[in-house]
Amino acid sequence: MKTIKGKLTVVYIALIMIILVVGAVSVLNVYTLGKSIDGLITDNYKSIDAVDKMRRAIDAQDRGILKYLQGEKEEAVELFYQNNDQFNTWYYFEKYNITENGEEDMVKKVNTKYVQFNKMLSELQEKDNVSANDFYKKDITPTLNELKTDLDALSELNEKAMFDKKQLTSSSAEHSIYIIFIVSISAAAVGLFLSVIFTNKFIRPIYLLINAVKSVKEGEVNKQAAIVYDDEIGLLAREFNNMTYRLYEFEKSTKGTLLAEKNRSTSIIKSISDPLMVLDSSFKIKFVNDACESFFGIDEESIFNKHFLQVVKRVDLYDYVFKVVSEGNEDEGEIIDIKRNNKTYFFNVTTRPIKDKDLKIDGVIVLFKNVTELKQLEMLKTDFIGTVSHELKTPLTSIMMGVGLLKNNKVGSLNEKQLRIIETFQEDVEKLNELVSNLLKISKLETDRAVFDIEPCNILDVINKSVEGYTELLQEKRLSVYYELSENLPNVMADHEKVTWVLNNIISNAIRYTEKGYITIGAYSDENKVYIYVKDTGRGIPFKYLEKIFDKFVRVEGVQIMPESTGLGLSIAKEIVEAHGGEIWCESNVNEGSKFTFTLPIESRVNQ
């Protein structure tokens, strides 16, 4: 009894004994109640059911006698004796299922009446029609009614017995409830009394030790804890006193300078102007700097050891951090926006795994690099491009109209040299107009992703609509079109108009840079995506440009570029595809052709 384990064991044994007493009383009462219910349901109900089936049998025999009187003698006799077998079956069942006083005499009386009733059929068969009818009314019918009355009495006897047993069972149930309730309340009171007494006795030394720990935390390094009992808590207090003594000695030694260095490092991290968090391998917060506390409105002590999602309630950010940690690689950052006090801030979130000596991930550092000003400058640039492009649109339209009037001799005749100059003007103006249109499209895509009307879309309709628009151009260049389309392609979630524009751009480039051969358009599904591709047998693209061609205004050196190309089409296509959550890429070899592929999410992926 000197150890906490021994003391707690005694308390546990006492509580277990109380639980066993409550359980034994409950089981006994439930068992008794179950036996009562079993007797209520089984025996009397079977007797009532047997009487009911005997009554139906004699009713059928009565119908057989009536048929006999109506002239259907063979059928009537067969019906009578069939139900005679039924009656006897259930009569003998009831005869061997007698449970109540007086029930045996009633069963014998029923048998006597039934034998008398059966004999009457033979007497009826010996009479003519008139005598038979009189015999049925005067002799058979009264006997049949008496038999039914005896069966009713037998059924009522069993019903009354069932009702009496029900009352007895209800009383027994109430009695059991009272007993279990009283025993449970008594057990709870005793258990509570024991818990309060022994808990206070056992917890008191722990409280004294906690107070000593708080004193050490506040700087009283040489604080000694009181030793109340010579048990585990007493042993812990003794070791705590030894620890505080050694801590006091350590603080006075030169090793204390290491702690000072650690504190200085912590102060430096705390002073970093951008929010920073340190998480353990379970994504629980272990450290935050002052900037993080200030921006998120949190306190380090209150959030210590809380899960990342409890503090930064952004599932997308958690998924990003989880991905970096699970892969164990450093990342280049993820731009996210966070709203605080009606203002939107932009951060480049970088994640660095912390690895132990065995190169296992032991934690992760999450740095929120504030790039709000840079993002605002980028948005300002986009707005500027959009505004300038919009302002250029009107004068360009006027110039195009003027050039068209001059070319069509609407304001006077032109000589051949003047006409060539006007045609050159028209080509340059059209090229500039397409450039401005593409700049406007890029500006709109970068600033407002809400312009997308995404809904279930049949990709085959998109392909057919795109190819139809280039029928004449394909015939003019004598290029063939082949299809490689999988069966039962699922619908994709997409903006029909914008995906059509992407496919149009890729097909037009394929036609533009293919002098001879054919173009292949294909589509297939895999997991949660539909892949759409366009292959050609044209000039091809050098390997070093396969990634760059999706950037704005990129020109492939050493390859002749068509004059109508603005260098923006593939950049816009990439913006549109990525806005749908898809990818776009190119595979190509010089003089062997190119293959452009992009993906779109299938309908089920979005609905899940």
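Here the residue numbers are simple positions, counted from 1 along each chain's written sequence. Selection of residues for local features in this predicted model requires a pLDDT of at least 70, selection of side-chain atom pairs for listing and counting requires 80 or more, and totals for whole chains, interfaces and linings are taken over all residues. Note that the side-chain values use all heavy atoms of the structure and ignore hydrogens as well as water.

1. Observations regarding the side chain of Asp62
Here Asp62 lies in helix H1 (residues 4-69). There is a polar contact of 2.7 Å between the side chain of Asp62 and the side chain of Tyr136. Setting aside residues up to four positions removed in sequence, Asp62 forms contacts with Tyr136 and Leu144. The way it works is that DSSP assigns letters per residue, a run of H or I at least four long becomes a helix, a run of E at least two long becomes a strand, and they are numbered from the N terminus. Residues adjacent in sequence count toward polar contacts only when both atoms are side-chain atoms; beyond that, a polar contact is any pair of N or O atoms within 3.5 Å, and within protein one must be able to donate a hydrogen and the other to accept it. By definition in these notes, contact holds between two residues if any of their heavy atoms fall within 4.5 Å.

2. Regarding unusual backbone geometry
At Arg478, a residue that is not glycine, the phi angle is positive and equals roughly 55 degrees. With respect to the element layout, Arg478 can be found in the loop between helix H14 (471-477) and strand S7 (480-485). Unlike most non-glycine residues, Asn591 shows phi in positive territory, near 70 degrees. Tracing the backbone through its elements, the reader meets Asn591 in the loop between strand S11 (584-589) and strand S12 (593-601).

3. Some words on the packing of helix H2 (residues 73-95) against helix H3 (residues 103-125)
It is the contact of H2 with H3, at a shortest axis distance of 11 Å, that shows an interaxial angle of 165 degrees. For the element pair H2 / H3, the angle class is roughly antiparallel. As for how H2 packs across H3, the hand of that crossing is left-handed. Here Val77, Phe80, Tyr81, Asn83, Asn84, Phe87, Asn88, Tyr91, Glu94 and Lys95 of H2 come into contact with H3, specifically with Glu103, Val107, Val110, Asn111, Tyr114, Phe117, Asn118, Leu121 and Gln125. For this scheme, ten residues count as nonpolar: Ala, Val, Leu, Ile, Met, Phe, Trp, Tyr, Cys and Pro. Four count as charged, namely Asp, Glu, Lys and Arg, and the remainder, Gly too, count as polar. For the contact of H2 with H3, the residue count by class is 10 nonpolar, six polar and three charged. Only the contacting stretch of a helix is used when fitting its axis, a line to C-alpha atoms as for every element, and angles between N-to-C directions run 0 to 180 degrees. Here roughly perpendicular refers to angles of 65 to 115 degrees, roughly parallel to angles under 35, roughly antiparallel to angles over 145, and oblique to all remaining angles. By definition, turning the near helix anticlockwise from the far helix through less than a right angle yields a left-handed crossing, and turning it clockwise yields a right-handed one.

4. Points about the sheet that holds strand S5 (residues 361-370)
The strands making up a sheet associate through backbone hydrogen bonding, with each pair oriented either parallel or antiparallel. In this analysis, strands are considered paired if DSSP registers two or more bridges between them. A sheet is described by the order of its strands in space; here five strands give the open sequence S2-S1-S5-S4-S3, paired in antiparallel fashion. Each end of this open sheet is capped by a strand with a single partner; those strands are strand S2 (285-288) and strand S3 (334-340). Within this sheet the neighbouring strands show an average axis-to-axis angle of 30 degrees, counted without direction. Bridge count between strand S4 (residues 343-355) and S5: nine bridges; the pairing is antiparallel. By the bridge assignment, Asn348 is partnered in S5 with Lys369. Strands in contact with helix H10 (residues 315-327) are S3, S4 and S5; relative to S4, the strand with the most contacts, it is inclined by about 25 degrees.

5. What about helix H16 (residues 569-579)?
Throughout this description, buried means an accessible area under 20% of the type-specific maximum (1.4 Å probe, protein chains only), exposed means over 50%, and partly exposed covers the range between. Counting buried residues in H16 gives eight out of 11 residues, a clear majority hidden from the surface. Within H16, the full set of buried residues consists of Gly569, Leu570, Ser571, Ile572, Ala573, Glu575, Ile576 and Val577. Count one or two residues on from H16 and you reach Gly581, which has phi positive near 85 degrees.

6. With respect to the environment of Asn129
The topology assignment puts Asn129 in helix H4 (residues 129-217). Classification of Asn129 by relative accessible area gives exposed; the value is 57%.

7. Concerning the sheet that holds S7
As summarised here, the arrangement of the five strands in space is S7-S9-S10-S12-S11, forming an open sheet in which the pairing is mixed. In the strand order of this sheet, the two ends are held by S7 and S11, each with one partner. Strand-to-strand, the axes of this sheet are offset by a mean angle of 15 degrees, without reference to chain direction. Where S7 lies against strand S9 (residues 518-526), six bridges are found, and the strand directions are parallel. In the strand pairing of S9, Val481 is matched with Ile519. Contacting S7, S9, strand S10 (529-536) and S12, helix H13 (residues 459-468) crosses the sheet at an angle of about 175 degrees to S7.

8. Digging into the packing of aromatic side chains
Ring geometry is summarised as follows: Phe, Tyr and Trp rings, the Trp one being its six-membered ring, pair when their centres sit within 6.5 Å, and such pairs are stacked at plane angles under 30 degrees, edge-to-face over 60 and tilted between the two. Per the counting criterion, the structure on display carries 20 aromatic pairs. With a centroid separation of 5.6 Å and an interplanar angle of 70 degrees, the aromatic rings of Trp90 and Phe93 are classed as edge-to-face. Pair noted here: Trp90 and Phe93 are both in helix H2, with a separation of three residues, about one helical turn. Note on Phe550 and Phe596: the rings are 6.2 Å apart at their centroids and 75 degrees apart in plane angle, and the pair reads as edge-to-face. Here Phe550, found in the loop between S10 and H16, pairs with Phe596, found in strand S12; they are 46 residues apart in sequence, far enough to count as distant.

9. Considerations on the packing of H13 against helix H15 (residues 496-512)
Packed helix pairs are specified by the crossing angle of their axes together with the interaxial distance, meaning the distance between the axes. Contact geometry of H13 with H15 gives a least axis separation of 9 Å together with a crossing angle of 50 degrees. Relative to H15, H13 is oriented oblique. Seen along the crossing, H13 lies across H15 with a hand that is right-handed. Contacts between H13 and H15 pair Ile459, Asp461, Val462, Ile463, Lys465, Ser466 and Val467 from the former with His496, Val499, Thr500, Leu503, Asn504 and Ile507 from the latter. Its residues assigned to classes, the contact of H13 with H15 comprises seven nonpolar, four polar and two charged.

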